[in-house]
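# Reading the structure
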Amino acid sequence: MKRQGKKWKLKEDSFFKMIVRFKDRRVRTFYSMDWKHPESKERDPQIGMKRLERLIIRFGTETKTIVIYDLQSDQLITKYRHGVIVWRRGKRV
């Protein structure tokens, strides 16, 4: 549910966090944007995951590893190596 009278905040209101390690040793952290616009009343985790997947496609083979965490439960959801999925919650791919 929306925070009363305030806009969404990435670190506080996102469902997912993605950590990207690039081949040139840079590390970047991205948070899912689970809302359509800042004034949305509801969050949708599918919107946020879809946006993170677009970033994975965009970075592709420039990455060494990508991990996505569920911020609600602090659990690992998915892991990628060189843009290819290698692990998904509970099973190896």
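This report concerns the structure included in the present document. Computed from a predicted structure; not experimentally measured.

### What to know about the side chain of serine 14
- Structurally, the position occupied by serine 14 is in the loop between helix H1 (10-13) and strand E1 (16-22).
- Side-chain polar atoms of serine 14 contact the backbone oxygen of leucine 10, separated by 2.6 Å.
- At a separation of 2.6 Å, a polar atom in the side chain of serine 14 contacts the main-chain carbonyl oxygen of serine 32.
- Ignoring anything within four residues of it in the chain, the contact list for serine 14 reads Lys9, Tyr31, Ser32, Asp34, Trp35, Arg43, Leu71 and Gln72.

### A few points about the nonpolar core
- Core analysis: the biggest nonpolar cluster contains 15 residues, and Phe16, Met18, Phe30, Leu52 and Ile68 have the highest contact counts within it.
- Every element with two or more residues in this core is listed here: E1, helix H2 (45-59), strand E3 (63-70) and strand E4 (75-81).
- Ranked by the residues each element gives to this core, the list is headed by H2, at five residues.
- Beyond its immediate sequence surroundings of up to four residues, phenylalanine 16 is in contact with Phe30, Tyr31, Ser32, Asp34, Pro45, Met49, Leu52, Ile68, Tyr69, Asp70, Leu71 and Ile77.

### Considerations on the environment of lysine 41
- Considering the arrangement of structural elements, one finds lysine 41 in the loop between strand E2 (27-31) and H2.
- For lysine 41, a relative accessible area of 63% gives the class exposed.
- For the pair formed by lysine 41 and lysine 7, sequence separation is 34 residues and the distance between their alpha carbons is 9.4 Å.

Quick notes on the rules
Per chain, residue numbering runs from 1 following the sequence as it is written. Note on the predicted model: pLDDT of at least 70 is required for a residue's local features to be given, and 80 or more for side-chain atom pairs to be given and counted; whole-chain, interface and lining totals, by contrast, use all residues. Side-chain numbers come from the whole structure's heavy atoms, not from hydrogens or water. In this description a helix means any DSSP run of H or I spanning at least four residues, a strand means any run of E spanning at least two, and both kinds are numbered starting from the N terminus. Pairs of N or O atoms are called polar contacts if they sit within 3.5 Å, as long as, within protein, a hydrogen donor faces a hydrogen acceptor (for residues adjacent in sequence, only side-chain-to-side-chain pairs). Contacts were defined at the residue level, with two residues in contact if any of their heavy atoms lie within 4.5 Å. Here, nonpolar core means buried Ala, Val, Leu, Ile, Met, Phe, Trp, Tyr and Cys residues that are tied together by side-chain atoms lying within 4.5 Å of each other. For each residue, the accessible area found with a 1.4 Å probe, counting protein chains only, is set against the maximum for its type, and the residue is called buried under 20%, exposed over 50%, and partly exposed in between.

Everything listed here is a matter of geometry and, on its own, says nothing about what the molecule does.
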